[in-house]
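A closer look at the structure
Here's the letter readout for the chains.
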Amino acid sequence: MINVLLFAQLKDELGKETVLIEGNEMSVAQLKAKMKLDFQLEGLETVMTAVNEEFADDDTILSDGDTVAFIPPVSGG
């Protein structure tokens, strides 16, 4: 299982902070596609991604037990 943490508008859109996804040996890009398909989440193309508390790119391969955080861009002034 992969533990997915959602922040900001992604959390608001889904209505919860965490989701468990079955999967192993998928890439971050594949996880994003699955999240978009399964939960109709928008904006995953622009999020920063962390895997096990380290920034990661879309090519990073995920393993069982990993924690993935999707962090949307933040604007402010």
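Before going into details, it helps to say that this report is about the structure given with it. (Residues numbered from 1 in each chain as written. Predicted model: local features only at pLDDT ≥ 70, side-chain atom pairs only at ≥ 80, totals over all residues. Heavy atoms only, no water.)

Examining the pattern of salt bridges
Here the idea is simple: oppositely charged side chains can pair when their charged atoms come close. If you walk through the whole model with that rule in mind, you get four salt bridges. The salt bridge partner of E17 is K11, with a shortest N-O separation of 3.7 Å. Of the residues examined, K11 reaches a relative accessible area of 30% and is grouped as partly exposed. A salt bridge links K32 to D58, with the shortest nitrogen-to-oxygen separation between them at 2.8 Å. One end of the pair, K32, is in helix α2 (residues 28-39); the other, D58, is in the loop between β4 (54-56) and β5 (67-71), and 26 residues separate them in sequence. (Salt bridge = Lys/Arg side-chain N within 4 Å of Asp/Glu carboxyl O. Buried < 20%, exposed > 50% of the residue type's maximum accessible area, 1.4 Å probe, protein only. Helix = DSSP H or I, 4+ residues; strand = E, 2+ residues; numbered from the N terminus.)

Quick word on the nonpolar core
Within the largest apolar cluster, 17 residues are counted, with the highest numbers of intra-cluster contacts made by V4, L6, L31, M35, L62 and F70. Listed by contribution, the elements that provide at least two residues to this core are β1 (2-6), β2 (18-21), α2 and β5. Each residue touching L31, except ones within four places of it in the same chain, is listed here: I2, V4, I21, M26, L62, V68 and F70. (Core = buried A, V, L, I, M, F, W, Y, C linked by side-chain atoms within 4.5 Å. Contact = heavy atoms within 4.5 Å.)

As for the side chain of K32
On the basis of relative accessibility, which here comes to 10%, the residue K32 falls in the buried class. Filtering out sequence-adjacent residues up to four positions away, K32 remains in contact with L44, V47, T49, D58 and F70.

Focus: the sheet that holds β2
With mixed pairing, five strands are arranged side by side in an open sheet as β2-β1-β5-β3-β4. In this open sheet, the two strands that pair with only one neighbour each are β2 and β4. Taken over all neighbouring pairs, the strand axes of this sheet differ in orientation by 30 degrees on average, direction set aside. In this sheet, β5 lies alongside strand β3 (residues 48-51) in antiparallel orientation, the contact comprising four bridges. Looking across to β5, one finds that A50 is bridged to A69. (Pairing = 2+ DSSP bridges. Axes fitted to C-alpha atoms, helices over the stretch in contact; angles between N-to-C directions.)

Remarks on α2
Look at α2: 16 Å from first C-alpha to last across twelve residues, which is about the 16 Å you get at 1.5 Å a residue. Among the residues making up α2, those that are buried are V28, L31, K32 and M35. Summarising the axial view, the buried residues of α2 lie within an arc of 100 degrees, below the 170-degree limit, and thus occupy one face. Residues of α2 that are buried sit in contact with β1, β2, β3 and β5. Where α2 ends, the next residue or the one after it, Q40, has phi of about 55 degrees, a positive value. (Expected span 1.5 Å × (residues − 1). Arc of directions from axis to C-beta.)

No statement about biological role is implied by the geometric values presented.
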